[in-house]
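# Overview (structure and organization)
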Amino acid sequence: MKLRSLAFCVAAAVSAQAAFAQAIDVAAMEKLAKDKNCATCHTVDKPGPFPNHKKIADKYRDKKDVVPMLVEKVMKGGSGSFGALPMPANAQVTKDEAEKLVRWMLSAK
Ligand code: HEC
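Everything quoted here is computed from the prediction, not taken from an experiment. (Residues numbered from 1 in each chain as written. Predicted model: local features only at pLDDT ≥ 70, side-chain atom pairs only at ≥ 80, totals over all residues. Heavy atoms only, no water.)

### So, the layout of surface pockets
- Here the largest pocket is characterised by a volume of approximately 610 Å³.
- Residue lining of the largest pocket: 31 residues in total, with H42, P51, I56, F82 and M87 positioned closest to the centre.
- Breaking the lining of the largest pocket down by element, the ones donating at least two residues are helix 2 (38–41), helix 3 (53–60), helix 4 (67–76) and helix 5 (95–106).
- Ranked by residue count, the leading element in the lining of the largest pocket is helix 5, at 4 residues.
- For the lining of the largest pocket, the class distribution of residues is 19 nonpolar, 10 polar and 2 charged. (1 Å grid on protein atoms, 1.4 Å probe; cavity = no way out; pocket = protein on both sides within 12 Å on 5 of 7 lines; lining within 4 Å. Points joined across faces, edges and corners; volume = space filled by probe spheres on them. Helix = DSSP H or I, 4+ residues; strand = E, 2+ residues; numbered from the N terminus. Nonpolar A, V, L, I, M, F, W, Y, C, P; charged D, E, K, R; others polar.)

This is the structure:
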């Protein structure tokens, strides 16, 4: 009995921590997107000339293995996925940062 309630406590603590970690992550990603200039063009869900996170997530929701391709696009720039408007190369991000940003954008619902 004691063991069971201990297990419950651990599970509750772990899930509370997971929820907390996720909350921190979003703030960290928002900051990174601002620091790296992505937020100048991309918003989470506001309309505008540039695809927002939701549109990007919708486009790739059912596709597999898109992260490496999108990381490369973020770093080198390009056009044609959403229209003629090009994304400039983002030489200010490392591959790691680009991957974090892409995964965050793709998580938009
Ligand atoms: C000057 C504006 C601008 C900035 C700054 C910018 N983007 Fe973009 N981004 C665009 C445009 C325009 C497109 C659409 C390109 C297309 O249609 O292929 C785009 C597309 C994307 C896509 C989808 C690419 C595809 O092929 O579907 C991702 C992911 C993305 N941007 C991430 C980022 C990240 C991460 C940053 C910051 C490091 C960033 N963008 C900075 C304008 C920008």
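Back to the write-up after that little detour.
### As for helix 4
- Buried within helix 4 we find V67, L70, V71, K73 and V74. With its buried residues spanning 160 degrees around the axis, helix 4 presents them on a single face. What points out from helix 4, more than 90 degrees from its buried face, is the exposed set P68 and K76. (Buried < 20%, exposed > 50% of the residue type's maximum accessible area, 1.4 Å probe, protein only. Arc of directions from axis to C-beta.)

### Section: the pattern of salt bridges
- Enumeration according to the criterion identifies 5 salt bridges in this entry.
- We note a salt bridge from E97 to K36, for which the minimum N-O separation is 3.5 Å. Here K36 lies in the loop between helix 1 (2–35) and helix 2 and E97 lies in helix 5, a separation of 61 residues in the sequence. Taken as a pair, E97 and K36 share a single burial class, namely buried.
- For the salt bridge of D58 with R61, the shortest nitrogen-to-oxygen distance reads 2.4 Å. (Salt bridge = Lys/Arg side-chain N within 4 Å of Asp/Glu carboxyl O.)

### Focus on the site of the ligand
- Among the 25 residues in the neighbourhood of the ligand, the closest are listed as C38, C41, H42, Y60 and M87.
- Contacts to the ligand include G80, whose backbone N or O atom sits 3.2 Å from an oxygen atom.
- Side-chain polar atom of S81 to an oxygen atom of the ligand: 2.6 Å apart, as the coordinates give it.
- More than half of the atoms belonging to the ligand lie within 2 Å of the grid points that define the largest pocket.
- Elements represented by at least two residues in the shell around the ligand include exactly helix 2, helix 3, helix 4 and helix 5.
- At 3 residues, helix 4 tops the list of elements feeding residues into the shell around the ligand.
- Of the residues in the shell around the ligand, the class split is 16 nonpolar, 8 polar and 1 charged. (Near = heavy atom within 4 Å. Polar contact = N/O pair within 3.5 Å; in protein donor to acceptor, adjacent residues only side chain to side chain. Sits in = over half its atoms within 2 Å of the grid points.)

### Overview of the side chain of H42
- You can see H42 is positioned in the loop between helix 2 and helix 3.
- In terms of polar contacts, H42 uses its side chain to reach the backbone carbonyl oxygen of P51, at 2.7 Å.
- Apart from the residues within four sequence positions on either side, H42 is in contact with P51, H53, I56, M87 and M105. (Contact = heavy atoms within 4.5 Å.)

### Concerning the side chain of K73
- Following the sequence through the fold, K73 ends up in helix 4.
- E72 is the oppositely charged side chain nearest to the buried, salt-bridge-free K73, at an N-O distance of 11 Å.
- In terms of polar contacts, K73 uses its side chain to reach the side chain of S81, at 3.2 Å.
- The contacts of K73, once residues within four sequence positions are left out, are G78, S79, S81 and M87. (Lys, Arg positive; Asp, Glu negative; His and termini not counted.)

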